[in-house]
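An overview of the molecular structure
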Amino acid sequence: EVQLVESGGGLVLPGGSLILSCEASGFDFSDTVMSWARRPPGKGLEWVSHIYQDGRTWYASSAKDRFTISRDNAKNTVSLQMNSLKPEDTAVYYCAIPKGNLRVVSSRSWGQGTQVTVST
């Protein structure tokens with residue numbers, strides 16, 4: 001079965017950094033677009049970043065120049081390096097496998113997510 005397991009979240013001061021990781025299994029990882037989405041408190045899911053099979057990337061405007069997505073096809077992992085964190089980055093972060101229509105935040109599977117809290 002398709003499984004996604006996120007890790008790396010925590011409590012960090014504004015301006016700090018975190019690295020989120022996702023271990024994936026149950027599908028052809030190297031042939032799959034991988035993404036990060038997040039749910040801020042009281043809000044819906046939003047896309048944060050995508051990384052395509054050839055390594056091309058996309059970032060939400062809120063994440064561009066601060067976040068970096070990467071993948072390791074040998075390990076079936078995708079990571080999100082988060083720098084210069086802001087309180088508005090506080091959210092539960094999820095690894096995702098988008099289904100094709102990127103206007104919709106959806107995934108073939110959802111993991112447990114990992115909480116990121118940016119606060120003084």
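Going by the structure above, here's the rest.
So, a few notes on the structure that sits alongside this text. These numbers were taken from a predicted model, which means no experiment stands behind them.

Turning to unusual backbone geometry, a few remarks are in order. Here the phi dihedral of Asp-65 falls at roughly 75°; this positive angle occurs in a residue that is not glycine. Inspection of the secondary structure assignment puts Asp-65 in the loop between β6 (57–59) and β7 (67–72). Although it is not a glycine, Ser-84 sits at a positive phi angle of roughly 50°. Mapped onto the fold, Ser-84 is located in the loop between β8 (77–82) and β9 (91–96).

This part is about the pattern of salt bridges. Evaluated as defined, the whole model comprises four salt bridges. The salt bridge partner of Arg-38 is Asp-89, with a shortest N-O separation of 3.1 Å. One end of the pair, Arg-38, is in strand β4 (residues 34–39); the other, Asp-89, is in the loop between β8 and β9, and 51 residues separate them in sequence. Side by side, Arg-38 and Asp-89 carry an identical accessibility label, which is buried. A single salt-bridge network, built from bridges that share partners, covers Arg-38, Glu-46, Arg-66 and Asp-89.

On to the sheet that holds strand β10 (residues 114–118). Strand pairing within a sheet occurs via backbone hydrogen bonds; the two strands may be parallel or antiparallel. Strand order in the open sheet formed by six strands is β2-β10-β9-β4-β5-β6, with mixed pairing between adjacent strands. The open sheet terminates on both sides in strands that have one partner only, identified here as β2 (10–12) and β6. Across the sheet, the axes of successive neighbouring strands diverge by a mean angle of 25°, strand direction being ignored. Pairing of β4 with strand β5 (residues 46–51) involves five bridges; the strand directions are antiparallel.

Moving on to the nonpolar core. Side chains of nonpolar character tend, in soluble globular proteins, to be buried together. Core analysis: the biggest nonpolar cluster contains 27 residues, and Met-34, Trp-36, Phe-67, Val-78, Leu-80 and Tyr-93 have the highest contact counts within it. Elements that contribute at least two residues to this core include exactly β3 (18–25), β4, β5, β7, β8, β9 and β10. Ranked by residues supplied to this core, first place goes to β3 with four residues. Sequence-distant contacts of Tyr-93, defined by excluding residues within four places in its chain, comprise Glu-6, Leu-20, Trp-36, Ala-37, Arg-38, Val-48, Phe-67, Leu-80, Met-82, Gly-113, Thr-114 and Val-116.

Right, let's get into the pairing of β9. Consecutive side chains along a regular strand alternate between the two faces of the sheet. Most of β9 is tucked away, with five of its six residues classed as buried. As defined by bridge partners, β4 adjoins β9 across five bridges and the pair is classed as antiparallel. When the sheet's bridge partners are listed, Arg-39 is paired in β9 with Val-92.

On to the pairing of β7, then. Residues Phe-67, Ile-69 and Arg-71 line the buried face of β7, whereas the alternating positions Thr-68, Ser-70 and Asp-72 sit on a face that is not buried. For β7 and β8, the ladder comprises six bridges, and the chain directions are antiparallel. By the bridge assignment for β8, Phe-67 is matched with Met-82. Between β7 and β8, which follow one another and run antiparallel, lie four residues, and Asn-76 among them has a positive phi close to 55°.

Cut-off values and rules
- Residues numbered from 1 in each chain as written.
- Predicted model: local features only at pLDDT ≥ 70, side-chain atom pairs only at ≥ 80, totals over all residues.
- Heavy atoms only, no water.
- Helix = DSSP H or I, 4+ residues; strand = E, 2+ residues; numbered from the N terminus.
- Salt bridge = Lys/Arg side-chain N within 4 Å of Asp/Glu carboxyl O.
- Buried < 20%, exposed > 50% of the residue type's maximum accessible area, 1.4 Å probe, protein only.
- Pairing = 2+ DSSP bridges.
- Axes fitted to C-alpha atoms, helices over the stretch in contact; angles between N-to-C directions.
- Core = buried A, V, L, I, M, F, W, Y, C linked by side-chain atoms within 4.5 Å.
- Contact = heavy atoms within 4.5 Å.

Keep in mind these values describe shape, not function.
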